[in-house]
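Observations on chain architecture
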Amino acid sequence: MNPQQYSSIEQYADTRYSAYRFYTETIEVSRMSALAFFEAGEKQYKGKRMFWQNREKTFTLVGLGHAHVLASSVQQGRFEEIKHKWESLCKQIVNEEPDVEPILFGGFSFDPLNELESEWTHFPEAYFAVPSFQLVIKDDQAYVSINLITAEKETFNQFELMRKERDRLIHAAQVLELPKYQKPLVMGRTEIKKEQYLDSIDKVTAIIKAEQAEKVVIARSLKLNFEEPLSASSALYQVSEEQPESFLFGMEAETQFFFGATPERLVKVKESQALSTCLAGSTPRGKTMEKDMELGEALLNDKKNRSEHQYVVDMISEVFNGHTSRLTVPNVPKLMKIRDIQHLHTPVEGELNSGSTLFDLVRDLHPTPALGGEPKQEALDIIREYETMNRGYYAAPVGWIDAKGDGEFAVAIRSALLNEKEAYLYAGGGIVEDSTPESEYDETWVKFRPMLRALGGLLSDES
Ligand SMILES: C=C(O[C@H]1C=CC=C(C(=O)O)[C@@H]1O)C(=O)O
């Protein structure tokens, strides 16, 4: 990543929030399509839009425009920086108890110490924004909020203009027809540094055999070239059609769009209840129900996958022990079955301690051994040395937090970075001592499938 590009964002690091006022106003609206609201911002807010929907589909967020950006380009302490800026900003909220909390949405890079050149040219090490226009669909109600964060004393006229703009956006989202999104036409599919990836699996397996680490996740990338530029709304439409049972997320940074459909929750906090999901250990779906159950049973009983999974359970439980009380951790995993893949899955829950926050949990959980490894620090060093790419925001936390401190972060896997006429897809897997390059390579194809299916990149014999 190139820090020079963020000078305009970085200036916020020096912002003294005491000079700011944070105005927020919410109206309830009749339910509308979240994608239509996102699309309504295509002209005016392109490059400054965000999208989030939880797995249960009980909470959807769309943001248009930036009322304020919180970003960080530091190599150490990006979680703390964003946490403190958000807490300071929230102290400037003018309304005592807003009807709907204003929301901060964004994500962190996987590893700021990775210095490899990458395609992530517009994403700093942390990139969050409070949207100017915020649509929240909660259970069955929809709310549109205006957020204005300003040091100006006189805001009446600006707020009036924003109300008009809000009404225009609502009208467009409720009345205008969505374009007929077509699957993009894929002109080329390139496996990036395939040989080096296979070689890295051999090397990392040897390191694990030599007991320098117990588990390390190694990933690779795949590039798709489209005939025409693919719009962010179309990309979101495609993943939501193909992967409805996952968290859907998308964030624009100028001309780039990072989006995905991930099954993996990093952590959620609601009224002091904290919940995380251990997700590691994978097998494909079966073509018939019998085969599917057979594969699932085999996964539940497979020693290698169970041990990969247990590292994640142990680590998440340890982090929760430091930040929560009344911890509950089931003894055995269950299966999580999504369209193209099934995973071992264990939920971990606890009651947040009074001094701990959602950002503290995100900082201490990232990366869990499902994306980093065990021990954490050694695994990060090995990934930095042997992985053939810079992950950018792949496998890192993306999500939202409100002014009360409630929110949810997912792990940004099954994701892609869209760069107009090209998309980079990412997939990895846990390496333990009995891993082989061939089986890991095959597993990455299973994990590429959801995004390949959404973007039309599956070959005819693969669908
Ligand atoms: C690293 C990825 O998946 C992780 C999450 C679930 C299961 C995993 C596994 O079985 O290896 C991975 O740890 C990916 O999808 O790119």
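Residues numbered from 1 in each chain as written. Predicted model: local features only at pLDDT ≥ 70, side-chain atom pairs only at ≥ 80, totals over all residues.

**Some points on the overall build of the protein**
Secondary structure summary: the protein contains 11 helices and 20 strands in total. In terms of overall dimensions, the protein is globule-like: its C-alpha atoms have a radius of gyration of 22 Å, near the 23 Å expected for 463 residues. In the protein, which comprises 463 residues, the share counted as buried stands at 50%. Restricting the contact set of the protein to residue pairs at least 6 apart, pairs at least 24 apart contribute 78%. (Helix = DSSP H or I, 4+ residues; strand = E, 2+ residues; numbered from the N terminus. Rg over C-alpha atoms; globule rule 2.2 N^0.38 Å. Buried ≥ 20, exposed ≤ 12 C-beta atoms within 10 Å, placed from the backbone. Contact = placed C-beta atoms within 7 Å.)

**Describing the site of the ligand**
Every one of the 17 residues lining the ligand counts as a neighbour, but Ser282, Ala370, Ile413, Gly428 and Gly429 are closest to it. Within the residue set of the shell around the ligand, elements represented by two or more residues are strand 8 (215-226), strand 12 (273-284) and strand 20 (422-431). (Near = placed C-beta within 6 Å.)

**A few points about helix 4 (residues 156-175)**
Between its first and last C-alpha atoms helix 4 spans 29 Å; for 20 residues at 1.5 Å apiece the expected length is 28 Å, and the two agree. Buried residues belonging to helix 4 abut strand 1 (21-29), helix 2 (34-40), strand 3 (59-72), strand 5 (126-138) and strand 6 (141-150). (Expected span 1.5 Å × (residues − 1).)

**With respect to helix 11 (residues 437-455)**
The end-to-end C-alpha distance of helix 11 is 26 Å, a good match for the 27 Å that 19 residues give at a rise of 1.5 Å each. At Arg449, helix 11 shows its maximal bend, which comes to roughly 45°, and the proline Pro450 appears one to four places after that position. When helix 11 is considered as a whole, its buried residues turn out to be Glu440, Thr444, Lys447, Phe448, Arg449, Pro450, Met451, Leu452, Arg453, Ala454 and Leu455. Looking at the residues trailing helix 11, positive phi occurs at Gly456, about 75°. (Bend = angle between axes of the 7 residues up to and from the residue.)

**Considerations on the UniProt feature "domain: Chorismate-utilising enzyme C-terminal" (unreviewed entry) in the protein**
Residues annotated by UniProt as "domain: Chorismate-utilising enzyme C-terminal" (unreviewed entry) correspond here to residues 194-447. Counting secondary structure, residues 194-447 comes out at 35% helix and 37% strand; the distance between its end C-alpha atoms is 16 Å. (UniProt positions renumbered as here; feature names shortened; annotations may be inferred.)

**Describing the environment of Ala403**
Mapped onto the elements, Ala403 comes out in the loop between strand 17 (397-402) and strand 18 (407-411). Separated by 252 residues in sequence, Ala403 and Ala151 place their C-alpha atoms 19 Å apart. If near-sequence neighbours (up to four positions away) are discounted, Ala403 is found in contact with Cys90, Ile93, Glu101 and Pro102.

**Thoughts on unusual backbone geometry**
Following His366, the chain continues into Pro367 via a peptide bond in cis, with omega recorded as -15°. Tracing the sequence through the fold places Pro367 in the loop between helix 9 (358-365) and strand 16 (373-374). Between Glu374 and the following residue, Pro375, the backbone shows a cis peptide bond with an omega angle of -10°. Residue position: Pro375 is located in the loop between strand 16 and helix 10 (376-386). Even without being a glycine, Glu271 presents a positive backbone phi close to 45°. Positive phi outside glycine occurs at Glu420, with the angle close to 55°.

**Overview of the domain arrangement of the protein**
Domain assignment breaks the protein into domain 1 (3-175) and domain 2 (187-462). Here the C-alpha centre of domain 2 lies 25 Å away from the C-alpha centre of domain 1. Taken together, the contact pairs 40 residues of domain 1 with 44 residues of domain 2. Listing elements by their share of the side of domain 1 that touches domain 2, those giving two or more residues are helix 2, strand 2 (49-53), helix 3 (78-90) and strand 4 (103-108). Residue contributions to the side of domain 1 that touches domain 2 peak at 6 residues, all from strand 4. (Domains from an automatic or database assignment.)

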